[in-house]
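Below are the chains, spelled out letter by letter.
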Amino acid sequence: YKRQALVGECGKAVAKESRAFGVDMLLGPNVNIHRDPLGGRVFESYSEDPYLAAQLVIDYVKGVQSEGVAADVKHFAANNQEYQRHGIEEIISERALREIYLPAFKAAVQEGDCWTVMSAYNKINGADCAMSRRLLTEILREEWGFEGFVVSDWGAAYDRVGALQAGNDLEMPGPQDPQVIADAVAAGELAEGVLDERVANILRILIRLPVFQGRERPPLDRAYSAQVARAVAVEGAVLLKNENGALPLREEGLLAVLGENARTPIPTGPGSAGVLAPYTVSLMEGLESRLGQQKVVFGEIAEGAEAVLVSIGLQSGEGRDRVSLKLADEDVMLILKTAKACQQAGVPCIVLLNVCGVVEVSGWIDEVDAVLLIWLGGMELGHAAAALLAGDENPSGKLPQTWPVRYEDTPSFLNFPGEYGEVRYGEGIYVGYRYFDAKEIAPQSIEL
């Protein structure tokens, strides 16, 4: 697959599985910006850069909807943290909103032709997103020409009538008691014409979906899903360091593997983005399949080992932001201890990072020879990692987010996650690399 086409192929693969399971609408993709690397849902969204996020969402939405399944672009808008996400007040300048936090949604609507959008939990400048007429009607429909329907995040329509008036078409979760709405119409609090409009927006999309089209559910093509999953893991991997010829591995040599993560990988994060895969290939399984069982030893630096690989995992998920960018102390100790032993033995020390996003590496990266970032690599993680380590595939991915030397260098450090129900986006448009460039702050690098 060509890299950009692969984004669309991923959307298509997910939609094919959706149809096989009788699901007509995806609750994704998540295009919220990586404002702060501690954000719990960073792993399931695209980038700190609005242009990159916009380009990715176009292809993904087109891939999903090419199968007749609705994509639901979320969370509109600026849902960039989990701390007090149910209604936290975000103070965002108009310029930052327009230049950083809205472009991916605009691209999804105008270039991706997305059929649905999900309104968010949070407030922006005084208005709850699901009750914001400015967001849902003036910007989304009148400025951008959106013709699909807006669905609330689960429980985000805090005022049911107000949400309908603002332009939120479908309140979730359901079923909801319709009497509240009927009473509002009878009392003149909600115009019947507004209600008709909301229903029409939903029906306009509903008639396109498999449930109305009468399409048969296709058989589940696990081989195709696995093929795409592996390609995504391979193309997304980033080679952070490779010195002294550490990679690719020499096939004839013995490889020692350390770290429990090598046997218990992290394919994805928990919450709404969690995937119950039929299997997950561990790093050990992938290496044994590629190199042969006799060439891979787990848990010790065996005599005769020509390279040592340390596998480290770190997860995040919906409902809670991370508290630090640091790896667990025991993981750092394992890396440093292994690196020292490798230096003494004259063999390369390689680190595999199976992580949800940015982690601090400054305390150990100069001590090891190579670092491969596989992210939360999905169900084919082990096969993808083994192919990359062995040199069958080229680890040519790029970072979609800036990796600071330390968390204190990030632009939102003093304004995340906020307090007393409010968070100020004090960095304005200087999110991610924009801030590092403007302030001339060096991000993480390797010592050559």
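Remember, it's a predicted structure, so these values are computed and weren't measured experimentally.

So, how was this worked out
- Residues numbered from 1 in each chain as written.
- Predicted model: local features only at pLDDT ≥ 70, side-chain atom pairs only at ≥ 80, totals over all residues.
- Heavy atoms only, no water.
- Helix = DSSP H or I, 4+ residues; strand = E, 2+ residues; numbered from the N terminus.
- Rg over C-alpha atoms; globule rule 2.2 N^0.38 Å.
- Buried < 20%, exposed > 50% of the residue type's maximum accessible area, 1.4 Å probe, protein only.
- Contact = heavy atoms within 4.5 Å.
- Areas by Shrake-Rupley, 256 points an atom, 1.4 Å probe, with all protein chains shown as cover.
- Phe/Tyr/Trp six-rings, centres within 6.5 Å; stacked < 30°, edge-to-face > 60°.
- Polar contact = N/O pair within 3.5 Å; in protein donor to acceptor, adjacent residues only side chain to side chain.
- Expected span 1.5 Å × (residues − 1).
- Pairing = 2+ DSSP bridges.
- Axes fitted to C-alpha atoms, helices over the stretch in contact; angles between N-to-C directions.
- Right-handed = clockwise from strand over helix to strand, strands pointing away.
- Patch = residues over 30% accessible without salt bridge, like charges linked within 9 Å, V, L, I, M, F, W, Y side chains within 5 Å.
- Salt bridge = Lys/Arg side-chain N within 4 Å of Asp/Glu carboxyl O.

Engineer: I'd love a proper account of the overall build of the protein, names of residues and values included.
Structural biologist: Along the protein, the regular secondary structure elements total 14 helices and 13 strands. Relative to the globule expectation of 22 Å for 448 residues, the C-alpha radius of gyration of the protein, 24 Å, shows essentially globular dimensions. When its C-alpha atoms are laid out on the principal axes, the protein stretches across 80 × 55 × 35 Å. The 448 residues of the protein split such that 55% are buried. Across the protein, every contact between residues at least 6 apart in sequence was considered, and the portion connecting residues at least 24 apart equals 78%. For the protein, the accessible area works out to roughly 19500 Å², and carbon and sulfur atoms hold 51% of it.

Engineer: Let's hear about the packing of aromatic side chains: which residues, and what values?
Structural biologist: Tallying each qualifying case throughout the model produces six aromatic pairs. Judged by centre distance (5.3 Å) and plane angle (75°), the ring pair of tyrosine 101 and tyrosine 425 falls under edge-to-face. A residue pair is termed long-range when its members are at least 10 positions apart, and tyrosine 101 in helix α3 (residues 94-101) and tyrosine 425 in the loop between β13 (422-424) and α14 (433-439) qualify at 324 residues. For tyrosine 101, a relative accessible area of 3% translates into the label buried. Owing to a relative accessible area of 4%, tyrosine 425 belongs among the buried residues under this scheme.

Engineer: I'd like to hear about the side chain of asparagine 32, residue by residue, with values.
Structural biologist: In this structure, asparagine 32 sits in the loop between α1 (3-20) and α2 (50-65). For asparagine 32, a relative accessible area of 4% gives the class buried. A polar side-chain atom of asparagine 32 sits 2.9 Å from a polar atom in the side chain of histidine 75. Sequence-distant contacts of asparagine 32, that is, excluding residues within four places in its chain, are made with Ser45, Ser47, Lys74, His75, Ala77, Ala78, Asn79, Asn80 and Phe105.

Engineer: I'd like a description of helix α10 (residues 222-236), backed by residues and values.
Structural biologist: Here α10 spans 21 Å end to end across 15 residues, near enough to the 21 Å set by a 1.5 Å rise per residue. Taken together, the buried positions of α10 are occupied by Tyr224, Ser225, Ala226, Val228, Ala229, Ala231, Ala233 and Val234.

Engineer: Break down the sheet that holds strand β11 (residues 349-355) for me, with residues and values.
Structural biologist: Strand order in the open sheet made by the six strands is β7-β12-β11-β10-β8-β9, with mixed pairing throughout. The sheet terminates laterally at β7 (238-242) and β9 (296-298), the two strands that pair on one side only. Along the sheet, successive strands turn relative to each other by an average axial angle of 20°, direction set aside. Two strands pair when backbone bridges link them, and β11 and strand β12 (residues 370-373) are joined in this way by four bridges, in the parallel orientation. When the sheet's bridge partners are listed, leucine 353 is paired in β12 with leucine 373. Sheet contacts for helix α12 (residues 329-345): β8 (254-258), β10 (305-314) and β11; angle to β10, the most-contacted strand, approximately 170°.

Engineer: Let's hear about the sheet that holds strand β1 (residues 72-76): which residues, and what values?
Structural biologist: One open sheet accounts for three strands, arranged β1-β3-β6; its pairing is parallel. The sheet is open, and its two edges are formed by β1 and β6 (149-152), each paired on a single side. Across the sheet, the mean angle from the axis of one strand to that of its neighbour is 30°, orientation sign disregarded. Strand direction decides the pairing type here: β1 and strand β3 (residues 116-119), joined by three bridges, are parallel. Looking at the pairing, aspartate 72 lines up with threonine 116 of β3. Contacts from helix α5 (residues 133-143) reach β1, β3 and β6, with the element oriented near 150° to β6.

Engineer: Kindly report on unusual backbone geometry, identifying the contributing residues and their values.
Structural biologist: Working note: non-glycine residues mostly have negative phi, and peptide bonds are mostly trans. With an omega of 15°, the peptide bond running from glycine 28 to proline 29 counts as cis. Mapping proline 29 onto the fold places it in the loop between α1 and α2. Omega for the bond connecting glycine 174 with proline 175 falls within 30 degrees of zero, at -5°, which places this linkage in the cis form. Residue placement: proline 175 occurs in the loop between α6 (160-166) and α7 (179-186). Located in the positive-phi region is glutamine 84, a residue other than glycine, with phi close to 50°. When you line up the elements, glutamine 84 lands in the loop between β1 and β2 (89-91). The class for glutamine 84 is partly exposed, based on a relative accessible area of 36%. Unlike most non-glycine residues, glutamate 440 shows phi in positive territory, near 55°. With respect to the secondary-structure elements, glutamate 440 resides in the segment after α14. The exposed category is assigned to glutamate 440, whose relative accessible area is 74%.

Engineer: Please set out the pairing of β11 residue by residue, giving values where relevant.
Structural biologist: Judged by how many residues are buried, β11 sits mostly within the fold: seven of seven residues are covered. Where burial is concerned, the two faces of β11 agree: the one with Cys349, Val351, Leu353 and Val355 and the one with Ile350, Leu352 and Asn354 are both buried. Two elements, β10 and β11, share seven bridges in a ladder whose sense is parallel. Each bridged residue has a counterpart across the sheet, and for isoleucine 312 the counterpart in β11 is leucine 353. For the crossover from β10 across α12 to β11, the handedness is right-handed.

Engineer: Hey, could you go over a nonpolar patch on the surface for me, with residue numbers and the actual values?
Structural biologist: Taken together, the side chains of Phe21, Val23 and Leu220 define a hydrophobic patch exposed on the protein surface, amounting to about 240 Å² of accessible area. Judged by its relative accessible area of 31%, leucine 220 is partly exposed.

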